[in-house]
Amino acid sequence: MAALSMQLRASYAFMERNFNLIKRYWTWELVWLVYSVSDSLAVSFIGLGMGVLSGGGAAAPNINTGYLVLYLLIGTLVWRFLSQIFFWITDLINIERWEGTIEYTLMAPIHRITHMAGQTFFAVIYSLVFTGVILGVTALVFKIDLSESNLAGALVVMLSGSFSFIGVGIMSSSLPLLFPERGAQMSNVFIALLLLISGVYYPVSVLPGVLRKLAVISPATYVLEGVRKALLDGTPTIELWKNIWPVLLMGLALIPAGLWVFDIAERYAKRSGKLHRNG
Amino acid sequence: MEAIVVDQIYKKFGKPAEPFWKRILKGAHANGNGNSGAAVQKNGNGNGAAPKPSVTVAVDHVTFTVQQGEIFGVLGPNGGGKSTLIRLISTLLLPDEGKISVMGYDVVRQPMRVQERINRVSVEASFFKKLSPMENLLYGARLYGLDARETRKQVVEILTRLGLEKRAIFSPMEEMSRGMQQKVAIARALLSRPQLLLLDEPTTGLDPRSKREVQAIVRELREQHGTTILLTTHDMSEADTLCDRIAIMNSGKVIALDTPQGLKALIPPKDSVETTLEDVFLELTGKKLVNPEEEADV
């Protein structure tokens, strides 16, 4: 019991530290929020302009711009939510390399899962709040009516999908251990590939054969489809199950796989002396 | 009882020039030419021939024990292997050969048991620079399962004792001098009440008054809590006054190990001037002392 209490305290240490860092870096957080809101608005405006873009004129009758705006907006929001989780978890090592504290954290008597749990819990809370703010601003700008949408269902799908992104995030957080100089940048490969194949801004059906097949193994594909069903069509939560179970299953496989990969990377870093080097 | 047992520890860095599959095909030994000479860099010869392995032996079959409650010093020139040795003891590096146990626990097989009992202060005070000492130390304390309320009280107590103003405790670390940051690093290590404290040049960058304060704390830790201390330093008088025994390392090997008096007795006095630890160090290592700030962190 005492050991569990100690691990819980240790897990909270990462959450508290991250909240403190956000507090101290509040200007950066503000800049990032403005950037993210602008990005979401810019992508969503493509929906409004689709009539002109398709050559049919601003009020092309066969284009439902309202639907298109919401379709693109969901893409930006879901992607922002999932990628924020990914980046916070990936930052697990990177931030400590930057500050030079990595050796102190890794020599503390805590299980790596405790370490990950604290960072992950923080990542999910942060990403939810961050995405919520973007949704609020964009809903105001586009006067989006979500009265027919299943908001709770969309939230359930997003949270379910976060597990698999946690797994991928843990896996890629080992890159800065293996490659102190460029590991953090290398983790962007994961997110770029998922962005390409998951149908963030377009349906996966438009992808060429190989990419369409890869979309099946991307958790983001199921999350985006589920959230769109919930928000665009108001699909009841129970009917979203076919989008939920695949991502839960992927999470179940990817989190232990991530921890396993991280463990191997940590042992390699301790054997080769890469822990000490700052990137 | 022994607090630390270091038995035939060997650690090298770098990698053989040939990829592992080529070495497997050739049936060659993974350690290149088999020459394990201490702290020897083996690089390409630059004449266009096949590249030779680039391997640095940082710790070369080092053996010693430290008793509980002992203050044990490790002296050595830059690149002598002191910091590597401390990292091996503190579970941050895995040895290539040999065994280290701390309070009876193996650092490789039982790292958590070891980590619960140790803490470390390194030459570079590593912190989240935007966070205050209080926030940094609270983070560190929580990692060791300490109560937050009690920690807050102790942080103020320890840091004011080390000469920090109360206002500085709540301001970002980046606004503090290196010496002040080093004091916060020492406070971080003290908070978890370790049975073994690893001090890797803890007084480097401190002014004489702060240096004395830290030395007083080191003595107090041993006297009041029985803490075992392993200290590396370039300050010979610090080693002389603080340490019960001192090991001198050179090129990854322990070349002498004795009490300060015992070490001084190794070198006969010249012109009836008493031998200092510095004389012993220079004589045994054959190297001049350099500014510790220039220490290559091997």
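To keep things clear, this report deals only with the structure shown in the data block. (Residues numbered from 1 in each chain as written. Chains lettered and ligands numbered in written order. Predicted model: local features only at pLDDT ≥ 70, side-chain atom pairs only at ≥ 80, totals over all residues. Heavy atoms only, no water.)

What follows covers the overall build of chain B. In terms of helices and strands, chain B carries 11 helices and 10 strands. Within chain B, the proportion of its 298 residues that are buried is 51%. Once local pairs closer than 6 in sequence are excluded, the contacts in chain B between residues at least 24 apart make up 70%. A total accessible area of about 13,300 Å² is found for chain B, and carbon and sulfur atoms account for 50% of it. (Helix = DSSP H or I, 4+ residues; strand = E, 2+ residues; numbered from the N terminus. Buried < 20%, exposed > 50% of the residue type's maximum accessible area, 1.4 Å probe, protein only. Contact = heavy atoms within 4.5 Å. Areas by Shrake-Rupley, 256 points an atom, 1.4 Å probe, with all protein chains shown as cover.)

Our focus in this paragraph is the pairing of strand β4 (residues 97–102) of chain B. Two faces, one strand: in a regular strand the side chains alternate between the faces of the sheet. All names here are of chain B. The sheet contact formed by strand β1 (residues 2–15) and β4 spans 5 bridges and is antiparallel. Paired with Y10 across the strands is E97, a residue of β4. The pairing of β4 with strand β5 (residues 105–106) spans 2 bridges and is antiparallel. The residue bridging V102 from the neighbouring strand is Y105, located in β5. The antiparallel pairing of β4 with β5 creates a hairpin that spans 2 residues between the two strands, and M103 there sits at a positive phi of about 50°. (Pairing = 2+ DSSP bridges.)

All right, on to the interface of chain B and chain A then. Every contact between the two is made by 40 residues of chain B and, on the other side, 35 residues of chain A. Of the roughly 3,400 Å² buried where chain B meets chain A, counting both sides, 59% is carbon and sulfur surface. The largest contributions to the chain B side of the interface with chain A come from F128(B), R142(B) and L143(B), which together make up 20% of the buried area. For the pair chain B and chain A, the number of links is 6 salt bridges. (Buried area = accessible area lost by both parts, 1.4 Å probe. Salt bridge = Lys/Arg side-chain N within 4 Å of Asp/Glu carboxyl O.)

Residues and elements named next belong to chain B. Most of strand β9 (residues 245–250) is tucked away: 5 of the 6 residues are buried. Sheet topology places strand β3 (residues 71–75) next to β9; 4 bridges connect them, and they run parallel. Pairing of G73 across the sheet is with I246, part of β9. Sheet analysis places β9 next to strand β10 (residues 253–258), joined by 5 bridges and oriented antiparallel. Within the sheet, the bridge partner assigned to N250 lies in β10 and is K253. Hairpin connection from β9 to β10: 2 residues lie between these consecutive antiparallel strands, with S251 at a positive phi of about 50°.

This brings us to the sheet that holds strand β2 (residues 54–67) of chain B. Residue and element names in this part refer to chain B. If you trace the 4 strands from one edge of the open sheet to the other, you get β2-β1-β4-β5, paired in antiparallel fashion. The open sheet has two free edges, formed respectively by β2 and β5, since each of these has just one partner strand. Across 10 bridges, β1 lies against β2 in antiparallel orientation. Note that in β2 the partner of K11 across the bridge is V59. Across the sheet, helix α2 (residues 82–89) is in contact with β1, β2 and β4; its angle to β1 comes to roughly 115°. (Axes fitted to C-alpha atoms, helices over the stretch in contact; angles between N-to-C directions.)

Counting across every chain of the model gives 15 aromatic pairs over all chains. Seen from their ring centres, W88(A) and Y126(A) are 5.2 Å apart, and the 65° between their planes marks the pair as edge-to-face. Remark: Y126(A) occurs in helix α6 (residues 112–142) and W88(A) occurs in helix α4 (residues 65–99); sequence separation between them is 38 residues. The buried category is assigned to W88(A), whose relative accessible area is 11%. Here the aromatic cluster, defined as three or more aromatic residues joined through ring pairs, consists of F19(A), W28(A), W32(A), Y35(A), W88(A), F122(A), Y126(A) and F130(A). Sitting above the plane of the Y71(A) ring, R228(A) keeps its charged end 3.7 Å from the centroid. Above the ring of F127(B), the side-chain terminus of R188(B) is found at 4.1 Å from the ring centroid. (Phe/Tyr/Trp six-rings, centres within 6.5 Å; stacked < 30°, edge-to-face > 60°. Lys NZ or Arg CZ within 6 Å of the ring centre and 35° of its normal.)

This next bit is on the nonpolar core. With 100 residues, the main nonpolar core has V227(A), I4(B), V6(B), I89(B) and L230(B) as its most contacted residues. With 17 residues, the top contributor of residues to this core is α4(A). The residues touching I89(B), leaving out its near neighbours within four places in the chain, are I4(B), V6(B), I100(B), V102(B), V107(B), V114(B), I118(B), L196(B), L198(B) and L230(B). Listed in part, the 45 residues of the second largest apolar core include V121(B), A187(B), L197(B) and V218(B). (Core = buried A, V, L, I, M, F, W, Y, C linked by side-chain atoms within 4.5 Å.)

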